Amino acid sequence: MTSADLTRRTAAELADLLASGEVSAREVTAAHLERTRAVDDRTHAYLHVDEEGALAAADEVDRKRRAGETLHAAAGVPIAVKDVLVTRGLPTTCGSRILEGWIPPYDATVVRRLKDAGLPILGKTNMDEFAMGSSTEHSAYGPTRNPWDLERIPGGSGGGSSAVVASHQAPWAIGTDTGGSIRQPAAVTGSVGVKPTYGGVSRYGLVALASSLDQAGPCTRTVLDAALLHEIIGGHDPMDSTSIAGPVPPVVEAARRADVSGTRIGIVKELSGEGFQAGVQQRFDESVQHLVDAGAEVVEVSCPSFTYALATYYLILPSEASSNLAKFDAMRYGLRVWPEGIEDPSAEQVMAATRDAGFGDEVKRRIILGTYALSSGYYDAYYGSAQKVRRLIANEFAAAFEQADVLVSPTAPTTAFRFGEKLDDPMAMYLNDIATIPANLAGIPGISVPSGLAPEDGLPTGFQVLAPAMADDRLYAVGAALEARLEAEWGGSLLGRAPDVQSLPLPAAVPATHTTEA
Amino acid sequence: MTTMTGGTAASAEAVLDYDEVTSAFDPVLGLEVHVELHTATKMFCGCPTTFGAAPNTQVCPVCLGLPGALPVVNAVAVESAIRIGLALNCEIAQWCRFARKNYFYPDMPKNFQISQYDEPIAFNGWLDVEVPAEHGEGTEVFRVEIERAHMEEDTGKSTHIGGLTGRIHGATHSLVDYNRAGIPLIEIVTKPIVGAGERAPEVARAYVATLRDLLKALDVSDVKMEQGSMRCDVNLSLMPKGSSQFGTRSETKNVNSLRSVERAVRFEMCRHGAVLSSGGSIVQETRHWHEDTGVTTSGRVKSDAEDYRYFPEPDLVPIAPSRELVEELRATLPEPPTERRKRLQNGWGFSDLEMRDVVNAGLVELIEETVAAGASPAAARKWWSGEIARRANAEGQDVPTYAGVLGVTPAHVVELESLITSGRLNDSMARQAWEGVLAGEGTPTQVADARGLELVQDTGALEAAVDEVIAANPDIADKIRDGKVQAVGALIGQVMKAMKGQADAAAVRELIIGKLT
Ligand SMILES: [Zn+2]
């Protein structure tokens, strides 16, 4: 089997090939590293590739297999990890200059679980700085390019994780989703992304953006692969107080059964129509019809408070972020900048100079917003009110789930936009997450599966499914059913129709968007 | 009369005579006490809490605030907090949260402190303390109302190098030790204490002392003020007599001994009095206490800009102690210190004065142990408050600590007493034996053996000596025969001398009287 063939396989297929001894973990890992060497100058999806570490981990799996040791079913299938999860001995920058050169002394629980399952870690993927953004344009190390069109954004903040999967630089990857950072990149790259129930996957070692919203999850090419990965990383962690004690929902079984007969599908009135690109809406409607044809029932539900979701999110997120990002102060690790023109700077002056030089504009914007929203005299009006609306949104979800087993919407209102298109208009950028944010506010799980290509631009569109907390298995049942019907219609996967990145011309350099100047 | 305090001209501030202050003003006190719990591990991680370890050796990603690390609440610390709350007669929250207190400082790894804000674990309590009676002799109970007791984590410890005073001003660089970062703290805050009048300094001291005893009895903290495991901030304001409108207060930080608490309150009362009576107004500020000179100096002025931007800690789940747990913990509470003292005093038969001396000298536990080991209360009090107390005081230590250093135990006192009651030693010999014990020469018996301390048990030798002395003093012997028994003293002295002190004076007396009457 050629290495090109290996990078075309799903993670589940690779697991079977490895288990049967047809290929070695070293061959699979080397194939993906080779692919990365070939195309990453075009995608810029990785911030750091760990060839040596990945191959050593692969060899270890091969050795154990030869020795007849019991291995995890996915042992030897390599993986990429978003650069917001700490990896012992591997750089972790969160896409920021302020952490340039920092090597964490410990592994995130998610990373620990990947290693325990024998998954070689290929590298760390690009992202918007501290996961703030919907395009990776806010990465301090330059944006990732969409494998479908190198002039366009791959979504964000986890554009790197979706792009490595869509460009076959990794069979699967870990992303994190605070307001849509797994699901929106999945939608615009034609891949699958899942945000599990809040507390379903440990946040220990996930560098916090907004603690009450962040959740790590799978980025894959198929629904089954996402379920397999979800099972590896999910489950209670005593190191994370907000982690849910209880078994991981039966996600793999649900993905394999792909059964939606009798499932009540709720279409959220507020998450479609106006503001949604015509082709996106069209593919959404067709997908709903597919589910109906597969035996599902459709109901329409209304969640009026969703109108306030974006405003709520942009008070809670910056508030928590302003506090979470306070630790980056040049005192113990990371960047240290000495202020210019000051003879004997104080610790405070070094902190200020470092934070000024080390954080990008979007990060500063949100720190300022959050600091303001938490200030005495404003707390009740901003943070306090936002928490109230957040409760309303959770209540409306609960009411909607009385009427429907799952809720559905387009994942993102548009297909991938061009670089720079929304960079000067933060509100336009924020609006890209309008459909994904409510799930984070309520702590419920969501999935994005490819629903086709928008007729007007030929770019991927995504279909979002939301389920009640700890009913993550429903996402997989509906997602797998839709995937099966669409792939039957298309005669293969959507990504099978993507251009080969390697053959695309190297694009002109994308202008650096991350500035340290005012 | 107004005088200037000592120190440099810049820091000298006028103070008013104490009696003048108390005749014109009523003090309002507020005490904030931080107590380090002596749990085995830190508040939010598994690091050990041992005092005095090499810098930055008791740290991990969590207490260093490394990116990605998350806190997990120490359940033992929560139970300790609840027990403290219950012992302070507080209500225990049904549901409460931690909050983040945001401010930048290098010894705070995350640049926020996990604390509690508007939802403390315990609130609305009181603690009765004993102070000298307002009129006349004896003591009376003064009730201090408790506002709240809440949980938080300690910060690291900064050491400023190169400055004159160890403070950051003038320092060239600072060293930070994060071993202390994340040690569980309980902050106990009183409601404003009014009505203490001229006894305010004593009330403050008695409160901190009683709180210390209570926390010790609860076995939740080392409560060593000199090591910083118990730290006290003193808030004070004055209001003109007859007014109920509180004045502007000053906050004197880190007043870290009982004596200093009393002195700091007194000093601040005199300083406030001088400012107010000369028509000035008090600046709301924090102040530094100077143990050596007994004065406070201005620290940082409190301003509106100080905004900690508290919000509920999103990395932790709320704490909702079940009522069953609270009752279980209530059942583990020790006897309240004041009740315990009453009970012990009655059992021991000590006078009020004797008991107060014992309490002030910190001897209650030691006497209790010694009595439990078999000594009489009187002997226990006598030996622990004698020579060893004098020496401990000279060393600037308390008796229990000093006894620990010397290796002197309650068993030694029991043994010493039994040597007396068995008739082997008389009182002055026992003092010699005790000195030997304090000098590390061994147990009382070993010391007595080594020094040859022993009353003469040979009645033949004693009788011979008595007979000799009677024969040598016929006049005195006649007086005694005539019924003037008090004259026996002169003969006892001569017998003791003849016996070189190795006789029991009481036995000698009986022997002489027996022979002459
Ligand atoms: Zn620690």
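Just so it is clear, the model here is predicted, and its values are computed rather than measured.

## Comments concerning the coordination of the zinc ion
All names here are of chain B. In the first shell of the zinc ion, the protein supplies C45 (SG), C47 (SG), C60 (SG) and C63 (SG), at 2.3 to 2.4 Å from the metal. Each of the 4 donor atoms bound to the zinc ion contributes to angles spanning 100 to 116 degrees, and the resulting shape is tetrahedral. In the primary sequence, the donor residues of the zinc ion line up as C-x1-C-x12-C-x2-C. Separated by 15 residues along the polypeptide, C45 in the loop between β3 (25-36) and α2 (75-87) and C60 in the loop between β3 and α2 bring together distant segments of the chain. Under the relative-accessibility criterion, C45 is labelled buried at 14%.

## A look at the domain arrangement of chain B
By convention, interface size is frequently given as the accessible area that disappears when the constituent parts associate. All names here are of chain B. By domain assignment, chain B separates into domain 1 (2-306), domain 2 (337-422) and domain 3 (459-516). For domain 1 and domain 2, the distance between their C-alpha centres works out to 31 Å. At the interface, 5 residues of domain 1 touch 4 residues of domain 2. Taking both sides of the interface into account, the surface hidden between domain 1 and domain 2 amounts to around 500 Å²; carbon and sulfur atoms contribute 59%. Considering only the side of domain 1, the residues that lose the most area to domain 2 are E130, T210 and D213, jointly responsible for 57% of the buried surface there. There are 2 salt bridges connecting domain 1 and domain 2. Here K342 makes a salt bridge to E130, at a shortest N to O gap of 3.8 Å.

## Some points on the packing of helix α10 (residues 278-293) of chain A against helix α17 (residues 472-490) of chain A
All names here are of chain A. Put simply, α10 and α17 touch, their axes get as near as 10 Å, and they point 105 degrees apart. Compared by their axis directions, α10 and α17 come out roughly perpendicular. The residues of α17 that touch α10, namely those facing S287, H290, L291 and D293, are V478, A481, L482, R485, L486 and E489. Along the lines of polarity and charge, the residues of the contact of α10 with α17 split into 5 nonpolar, 2 polar and 3 charged.

## What to know about the packing of aromatic side chains
Across all of its chains, the model carries 23 aromatic pairs over all chains by this definition. Residues F328 of chain A and Y333 of chain A carry aromatic rings whose centres are separated by 6.3 Å and whose planes lie at 80 degrees to one another, so their mutual orientation is edge-to-face. There is no split in this pair, since F328 of chain A and Y333 of chain A are both buried. Arranged with centres 6.5 Å apart and planes meeting at 90 degrees, the rings of F328 of chain A and F359 of chain A form a pair that is edge-to-face. On the criterion of sequence distance, the pair formed by F328 of chain A in the loop between α11 (309-324) and α12 (347-358) and F359 of chain A in the loop between α12 and α13 (361-373) is long-range, its members being 31 residues apart. For F359 of chain A, a relative accessible area of 2% gives the class buried. Sitting over the face of the ring of Y308 of chain B, K101 of chain B holds its NZ or CZ atom 4.4 Å from the ring centroid. R143 of chain B extends its terminal NZ or CZ atom over the ring of W126 of chain B, reaching a point 3.6 Å from the ring centre.

## Describing the interface of chain B and chain A
Opposite the 31 residues of chain B that make contact, chain A presents 38 residues. Carbon and sulfur atoms make up 61% of the surface buried where chain B meets chain A, a total of about 2600 Å² over both sides. Ranking the residues of chain B by area buried against chain A places P67, L70 and R309 of chain B at the top, with a combined share of 23%. Across the salt bridge formed by D315 of chain B and R203 of chain A, the nearest N and O atoms sit 3.0 Å from each other. Counting every contact that joins chain B to chain A gives 15 residue pairs in polar contact (both at pLDDT 80 or more). Looking at the side of chain B that touches chain A, the elements that each hand over two or more residues are β5 (99-102) and β16 (311-312) of chain B. Partitioning the side of chain B that touches chain A into residue classes produces 22 nonpolar, 4 polar and 5 charged.

## Structural notes on unusual backbone geometry
The general pattern is negative phi for most residues beyond glycine and trans for most peptide bonds. Cis geometry marks the peptide bond from G156 of chain A to S157 of chain A, where omega comes out at 5 degrees. You can see S157 of chain A is positioned in the loop between β3 (121-125) and α6 (159-166). We note that A131 of chain A has phi near 65 degrees; this positive angle belongs to a residue other than glycine. Note on placement: A131 of chain A falls in the loop between β3 and α6. Even without glycine at this site, V223 of chain B takes up a positive phi of about 40 degrees.

## Some details on the packing of helix α13 (residues 427-438) of chain B against helix α14 (residues 444-451) of chain B
Packed helix pairs are characterised by how far apart their axes lie and by the angle those axes make with each other. Residue and element names in this part refer to chain B. Running from amino to carboxyl end, α13 crosses α14 at an angle of 110 degrees, the nearest separation of the two axes being 8 Å. It follows from the interaxial angle that α13 and α14 lie roughly perpendicular. Pair α13 / α14 crosses with right-handed handedness. For the pair α13 and α14, contact is made by Q432, A433, E435, G436 and V437 and by P444, V447 and R451, respectively. Taken together, the residues of the contact of α13 with α14 sort by class into 4 nonpolar, 2 polar and 2 charged.

## Notes on the pattern of salt bridges
In total, this model carries 59 salt bridges over all chains according to the counting rule given. With a closest N to O distance of 2.8 Å, R26 of chain A and D59 of chain A form a salt bridge. In this pair, R26 of chain A is assigned in helix α3 (residues 25-43) and D59 of chain A in helix α4 (residues 51-66), connecting sequence segments 33 residues apart. In this structure R26 of chain A comes out as partly exposed when scored by relative accessible area, which is 37%. Classification of D59 of chain A as partly exposed rests on a relative accessible area of 30%. Across the pair R97 of chain B and E119 of chain B runs a salt bridge, and its minimum N-O distance is 2.9 Å. Of the two residues, R97 of chain B sits in the loop between β4 (91-92) and β5 while E119 of chain B sits in the loop between β6 (112-115) and β7 (122-132), which places them 22 residues apart along the sequence. Using a relative accessible area of 31% as the deciding quantity, one classes R97 of chain B as partly exposed. A single network of salt bridges, built from pairs that share partners, joins R203 and D240 of chain A together with R100, E313 and D315 of chain B.

## Topic: the sheet that holds strand β1 (residues 46-49) of chain A
All names here are of chain A. Pairing in this open sheet of 11 strands is mixed, and the strands run β1-β3-β2-β4-β6-β5-β10-β11-β9-β7-β8 from one edge to the other. Looking at the sheet topology across the chains shown, the edges are occupied by β1 and β8 (297-301). Within this sheet the neighbouring strands show an average axis-to-axis angle of 30 degrees, counted without direction. Of the pairings in the sheet, the one linking strand β7 (residues 264-268) to β8 comprises 5 bridges and is parallel in character. Residue pairing for β8: I267 is matched across the bridge by E300. Contacts from helix α8 (residues 223-233) reach β2 (79-82), β4 (173-176), β5 (192-195), β6 (216-220) and β10 (446-453) within the one sheet, and its direction differs from that of β6 by about 150 degrees.

What counts, and at which threshold
Residues numbered from 1 in each chain as written. Chains lettered and ligands numbered in written order. Predicted model: local features only at pLDDT ≥ 70, side-chain atom pairs only at ≥ 80, totals over all residues. Heavy atoms only, no water. Donors = N, O, S within 2.8 Å, 3.2 Å for Na, K, Ca; no water. Tetrahedral: all angles 85-135°; square planar, octahedral: opposite > 155°, others 65-115°. Helix = DSSP H or I, 4+ residues; strand = E, 2+ residues; numbered from the N terminus. Buried < 20%, exposed > 50% of the residue type's maximum accessible area, 1.4 Å probe, protein only. Domains from an automatic or database assignment. Contact = heavy atoms within 4.5 Å. Buried area = accessible area lost by both parts, 1.4 Å probe. Salt bridge = Lys/Arg side-chain N within 4 Å of Asp/Glu carboxyl O. Axes fitted to C-alpha atoms, helices over the stretch in contact; angles between N-to-C directions. Parallel < 35°, antiparallel > 145°, perpendicular 65-115°, else oblique. Nonpolar A, V, L, I, M, F, W, Y, C, P; charged D, E, K, R; others polar. Phe/Tyr/Trp six-rings, centres within 6.5 Å; stacked < 30°, edge-to-face > 60°. Lys NZ or Arg CZ within 6 Å of the ring centre and 35° of its normal. Polar contact = N/O pair within 3.5 Å; in protein donor to acceptor, adjacent residues only side chain to side chain. Left-handed = near helix turned anticlockwise from the far one by under 90°. Pairing = 2+ DSSP bridges.

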